[in-house]
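Tertiary structure, described
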Amino acid sequence: MTKALHVSYTPMMGYDAAWDLQKSIVKSIDLGEQQDTLLLLQHPPTYTIGSQRHPEHLLLSKEELEEKGIGLFEIDRGGDITYHGPGQLVGYPLLVLEGEGLDLHAYLRNLEQVIINYLKHYGIEAGRKPEYTGVWVGDLKVCAIGVKFNKCRSRRAFVTSHGFAFNIKAGIGQQGFAGIIPCGIQEYGVTSLEDCTGRTFSVEQVAEEIVPFFAEVFKFEAVPGSIPGPAR
C-alpha cells in the first residue's frame, strides 16, 4: 500500500524558522499526529556546520559574515560545513523509517538516487563518489546531503530530518561556497543544474518537478499542501 506524503514549497524561509519547524513536525510524526512530510524551500544566505565540527573550514571572519549578510548555525545533522542560499532547492524529508525500511545507509543512497534520476531526465549523467555523500557530475558536487535520524520514543523506528541541498542557479559556486571549504572537500568544486544543462530553471519549477522522482524512489503518493503549523 502506497503511503501519502505531505509536500509543500516555500519560496524563502529563515534557517532558524525551518529548523524549528522540522523539530516540531518530527515530534508530531513520532506521536502519530502527522503524516510523512517533505518540505521544499529556499534559505537566505546561510552556513551550517554539522556534527563533524571543523570550524577551520569556514574561511570568513565574524565581521566578514556580518558584512556579507550570511548567517551561521551549528546544527545537529551529520557532516561538515555547507552553504544554503537563494538559487538552491533545499529538501527536508521528515519520514518514518521502520520495519524493512529501517536501513539508514539505504536512506542516504535513496536521497542521492532521487537527484541522480532527476538529472538523468535532463540528460545529465550524475553519480556518487564512494568516499563522500552527495551527488556529483564528474568531479563537481551538484547536491549536498546531511541528515539526522531522530529515534522514536515508543517504537523501534526513526524519523528523519535535514536532507539535501540541490544547486539550481548558475554561478552559485562563486557565491556563498567561496567562503568555505564545502563539506571539508578541498580537491573538488561545486556546480549547479543550470551550469550542467545550459538551461534556465526557477527553483520553484525544480521543486514541482522533483516530487514525482522522490515519490517513486521512496514509494509515496505525493499530496500537495501548505506548511503545517507547530505541533501542539
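Described in the following lines is the structure provided in the data block. (Residues numbered from 1 in each chain as written. Predicted model: local features only at pLDDT ≥ 70, side-chain atom pairs only at ≥ 80, totals over all residues. Heavy atoms only, no water.)

1. Regarding a negative patch on the surface
On the surface, a cluster of negative charge is contributed by Glu63, Glu64, Glu66 and Glu67. Along the chain, Glu64 turns up in helix H2 (residues 62–68). With relative accessibility at 33%, the residue Glu64 sits in the partly exposed group. (Patch = residues over 30% accessible without salt bridge, like charges linked within 9 Å, V, L, I, M, F, W, Y side chains within 5 Å. Areas by Shrake-Rupley, 256 points an atom, 1.4 Å probe, with all protein chains shown as cover. Salt bridge = Lys/Arg side-chain N within 4 Å of Asp/Glu carboxyl O. Lys, Arg positive; Asp, Glu negative; His and termini not counted. Charge placed at Lys NZ, Arg CZ, Asp CG, Glu CD. Helix = DSSP H or I, 4+ residues; strand = E, 2+ residues; numbered from the N terminus. Buried < 20%, exposed > 50% of the residue type's maximum accessible area, 1.4 Å probe, protein only.)

2. A few points about unusual backbone geometry
What is expected of a backbone is that most residues other than glycine have negative phi and most peptide bonds are trans. Non-glycine residue His162 carries a positive phi angle of around 60°. Mapped onto the elements of the fold, His162 is located in strand S11 (residues 157–167). For His162, a relative accessible area of 3% translates into the label buried. Of note in this structure, Lys219 is not a glycine but carries a positive phi near 60°. With respect to the secondary-structure elements, Lys219 resides in the loop between helix H5 (203–218) and strand S13 (220–224). Of the residues examined, Lys219 reaches a relative accessible area of 59% and is grouped as exposed.

3. Notes on the pattern of salt bridges
Scanning all chains against the criterion turns up 9 salt bridges. In this structure, Lys23 engages Asp20 in a salt bridge whose closest nitrogen and oxygen atoms are separated by 3.8 Å. Taken together, the residues Lys23 and Asp20, both in helix H1 (residues 15–30) and 3 residues apart, mark about one turn of the helix. Classification of Asp20 by relative accessible area gives partly exposed; the value is 47%.

4. Quick look at the environment of Asp36
Of note, Asp36 is situated in the loop between H1 and strand S2 (37–41). On the accessibility criterion, Asp36 (7% relative accessible area) is buried. The spacing of Asp36 and Glu74 is 38 residues in sequence and 26 Å in space, taken between C-alpha atoms. Those residues in contact with Asp36, other than ones at most four positions away along the chain, are Lys3, Ala4, Leu5, His6, Ile29, Leu94, Leu95, Val96 and Phe220. Among the polar contacts listed, one links the side chain of Asp36 to the side chain of Lys3, at a separation of 3.3 Å. (Contact = heavy atoms within 4.5 Å. Polar contact = N/O pair within 3.5 Å; in protein donor to acceptor, adjacent residues only side chain to side chain.)

5. Observations concerning the packing of helix H3 (residues 104–121) against H5
Angle between the axes and distance between the axes: these two values describe a pair of packed helices. Following both chains from N to C, one finds H3 and H5 inclined at 130°, their axes separated by 9 Å at the closest point. Our classification of the angle between H3 and H5 gives oblique. When the axes of H3 and H5 are compared, the crossing they make is right-handed. Together, Tyr107, Asn110, Leu111, Gln113, Val114, Ile115, Asn117, Tyr118 and His121 of H3 and Val206, Glu209, Ile210, Phe213, Phe214, Val217 and Phe218 of H5 make up the contact between the two elements. Residues belonging to the contact of H3 with H5 are distributed by class as follows: 11 nonpolar, 4 polar and 1 charged. (Axes fitted to C-alpha atoms, helices over the stretch in contact; angles between N-to-C directions. Parallel < 35°, antiparallel > 145°, perpendicular 65-115°, else oblique. Left-handed = near helix turned anticlockwise from the far one by under 90°. Nonpolar A, V, L, I, M, F, W, Y, C, P; charged D, E, K, R; others polar.)

6. Section: the nonpolar core
By size, the foremost hydrophobic cluster in this structure holds 41 residues, and its most contacted members are Leu119 and Phe166. Every element with two or more residues in this core is listed here: strand S1 (3–10), S2, H3, strand S9 (132–137), strand S10 (140–151), S11 and H5. Per-element tally for this core: the top contributor is H5, with 10 residues. Apart from the residues lying within four places of it in its own chain, the contact partners of Phe166 are Gln88, Leu89, Ile115, Tyr118, Leu119, Val142, Cys143, Leu193, Val206 and Ile210. (Core = buried A, V, L, I, M, F, W, Y, C linked by side-chain atoms within 4.5 Å.)

7. Quick word on the sheet that holds strand S4 (residues 71–74)
One open sheet holds the 3 strands; their spatial order is S4-S3-S5, and the pairing between them is mixed. Across the chains shown, the open sheet's two edge strands, defined by having one partner strand only, are S4 and strand S5 (81–84). Shown here is a sheet whose adjacent strand axes are inclined to one another by a mean of 20°, direction ignored. Where strand S3 (residues 46–49) meets S4, 4 bridges bridge the pair, whose relative direction is parallel. Each residue of the ladder has a partner; that of Tyr47, found in S4, is Leu72. Of the strands in this sheet, S3, S4 and S5 touch H1, which is tilted by about 30° from S4. (Pairing = 2+ DSSP bridges.)

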